[in-house]
Amino acid sequence: MNYYSTKNKDLRKSFREAVIEGLPSDNGLFMPERIPQLPQDYFKNIQDKSIREIAFDVLKPFVEEDLKDDQLKNIIQKTFSFDFPLQKIKHNNYALELFHGPSYAFKDVGATFLALCLEEFYKDEQEKCTILVATSGDTGGAVAAAFSKVENIEVVILYPSGKVSELQEKQLTTFDENVKALEIEGDFDDCQQLVKQAFLDSDLRKKLNISSANSINVARFLPQMVYYFAPFIKFGNAPLTIAVPSGNYGNLTAGLIAQKMGLPVKQFVAGANRNDVVPRFLNSGNYEPKATIQTISNAMDVGNPSNFQRMIDLFSEEEIREKVKGYAFSDETTLEIMKKVFTKNNYLLDPHGAVGYLALMEFMKSSEGKGIVLETAHPCKFMDVVQKVTDKDILPDSAQSLIQKEKKSVKMKVDYEGFKEFLVG
Ligand SMILES: *Cc1c(COP(=O)(O)O)cnc(C)c1O
C-alpha cells in the first residue's frame, strides 16, 4: 500500500515513509491509495473472532510491505492489550468504552500503535527522531504514555496553558527525559499551527528528523478502525448506528474507512460541542472554519478540524452528508444529560461521551435499531465537570498516584522562533 497527499495524488510514499514523515511537505495529509475490501462473508462469523484477529485482518493490507506478519502481530498484541466493553445505557443504546488503556482515553490505541511502528522503523537507524505533538488535552497523555519507554525517540508535547484538566496536565508533564512538555500561552489551534510550521520549515528538517503523533499521522488513525468492529462481535451482523464525539475528526474518519472496507455501519452520527464547523457543513453544505471556543469537552475544542480534508478526499460532499449526521450542543445541555443519565440510568458519561450521546439520542428520535456511542475518555479525566454530577470518588488508583507527582513543563509564548530554538538548541 502506498500513501498519497490530499494535495497531490501523484505523490506516493510507503507506509514507513508516511509514518516517519507524518505530514507531506505540501501541507496535505497522507491517505492510503486504495481502501481494501474485506471478504463478503467476513461478518458471518464475526462473533467467533477476537479483536486482535480482526486488527490483523484489517490492518495488514495497509502495512504489509513494511511490517512482517510477526512484527504486526506483536504490535497488535501490545496495542490491543485492553478491553472495549459495551455498557448498556438504556433500551437499545450502549456505550462502547474505549478508555481502559494507560491514559484512560481512546487515543491510547493510535498512540501506542504509532510508537511501536516507529520503534520498529528506527531500530536500525543511527539517528534519533523527534515527535512533535500538539494536544488539546488527551492526545498528549496518550502519546507520553506510549513513548515513555521507546528508545531513540524524543517527544515534544505542546499544550494550551490553563486549558487542560489537572489529571491531563499531569499525564503530560510527569514523564522522564525523552518526553518534554511545552506549555503554550495560546489555544490548541496555536499549538497545532506551531507544529505545522515546523513541518514546513526545511531548515529545521535538515537539522532534526521530525515526525508527528497527531491524528494526522496515518499510524494514529488507521488502528482506530479496529474498535468499530467490537460491537459487531457482540451483536453480529446487525445494522448499528454509531455516534462519535468529534473534534479533529480522526476518530470518525477511521470509522468511515472501516465502513468503506465493508463494516456494516448503518449510520454515523457526529457529536460536536460549540465548535460546530462540521455539523454546520453537514446541514448547510458550507464549510466555514472558526476560531476555537473553549468548552467543557476540551479535547474537542477544534475550530478547523484537520481530518475534514480526509473526509472530503474519501467521499463527495453529498456522500458525506448522507453517511454522517451531525449535531452540536452547548455546555449546559451536555452537563444536563450527564446528570440525567447518571441519575436515571446509573451511568456516568464523561463530557465528550455525553456530547456523543446527545447526538445519538437526537438521531434516534427518527430512527430504529441499536445505537452505540463511543465513550472516548474515562470521566476521571474531567473531575471539575464530573464534580457537578456526583461527588463519588471515581479516580482509579493509578490516577491517584499520578496526581501527587510534580509537574515539569516549559512555558512559552506563541512564537515560532522561540519554539524552533527550543527544538534545535
Ligand atoms: C480527542 C478526543 C476526541 C475527539 O476525537 P477526534 O478524533 O479528534 O475527533 C473526543 N473525545 C476525547 C475524550 C478525546 O480525547
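For the structure itself, look to the data block above.
As a starting point, this report considers the structure included with it. Computed from a predicted model, the values in this text were never measured in an experiment.

**Comments concerning the overall build of the chain**
Each helix and strand counted, the chain has 19 helices and 14 strands in total. Taking 2.2 N^0.38 as the reference for a compact globule, 425 residues should give roughly 22 Å; the C-alpha atoms of the chain span a radius of gyration of 20 Å, in line with that estimate. Principal-axis analysis of the C-alpha atoms places the extent of the chain at approximately 55 × 50 × 45 Å. For the chain, the proportion of its 425 residues judged to be buried stands at 61%. Residue pairs in contact within the chain that sit at least 24 positions apart in sequence constitute 76% of those at least 6 positions apart. Per element, the accessible surface of the chain, about 16,900 Å² overall, is 44% carbon and sulfur. Averaging the coordinates of the 51 positive side-chain charges in the chain and doing the same for the 59 negative ones gives two points 3 Å apart.

**Digging into empty space enclosed by the protein**
This structure, assessed with the given rule, holds two cavities of 30 Å³ or more. Lining the largest cavity we find 25 residues, and of these Phe106, Lys107, Gly247, Asn248 and Ala299 sit closest to its centre. Going through the elements one at a time, α5 (138–147), α7 (188–199) and α11 (250–261) are the ones with two or more residues in the lining of the largest cavity. Broken down by class, the residue content of the lining of the largest cavity amounts to nine nonpolar, 13 polar and three charged.

**Here's the deal with the side chain of Thr241**
Relative to the elements of secondary structure, Thr241 occurs in strand β10 (residues 240–245). Residue contacts for Thr241: discarding those within four places in its chain leaves Lys266, Gln267, Val269, Leu360, Phe363, Met364, Lys370, Gly371 and Ile372.

**Considerations on the sheet that holds strand β3 (residues 30–32)**
With antiparallel pairing, three strands are arranged side by side in an open sheet as β2-β1-β3. In the strand order of this sheet, the two ends are held by β2 (8–14) and β3, each with one partner. Averaged over all pairs of adjacent strands, the angle between their axes in this sheet comes to 40 degrees, without regard to strand direction.

Rules of the game
- Residues numbered from 1 in each chain as written.
- Predicted model: local features only at pLDDT ≥ 70, side-chain atom pairs only at ≥ 80, totals over all residues.
- Heavy atoms only, no water.
- Helix = DSSP H or I, 4+ residues; strand = E, 2+ residues; numbered from the N terminus.
- Rg over C-alpha atoms; globule rule 2.2 N^0.38 Å.
- Buried < 20%, exposed > 50% of the residue type's maximum accessible area, 1.4 Å probe, protein only.
- Contact = heavy atoms within 4.5 Å.
- Areas by Shrake-Rupley, 256 points an atom, 1.4 Å probe, with all protein chains shown as cover.
- Lys, Arg positive; Asp, Glu negative; His and termini not counted.
- Charge placed at Lys NZ, Arg CZ, Asp CG, Glu CD.
- 1 Å grid on protein atoms, 1.4 Å probe; cavity = no way out; pocket = protein on both sides within 12 Å on 5 of 7 lines; lining within 4 Å.
- Points joined across faces, edges and corners; volume = space filled by probe spheres on them.
- Nonpolar A, V, L, I, M, F, W, Y, C, P; charged D, E, K, R; others polar.
- Pairing = 2+ DSSP bridges.
- Axes fitted to C-alpha atoms, helices over the stretch in contact; angles between N-to-C directions.

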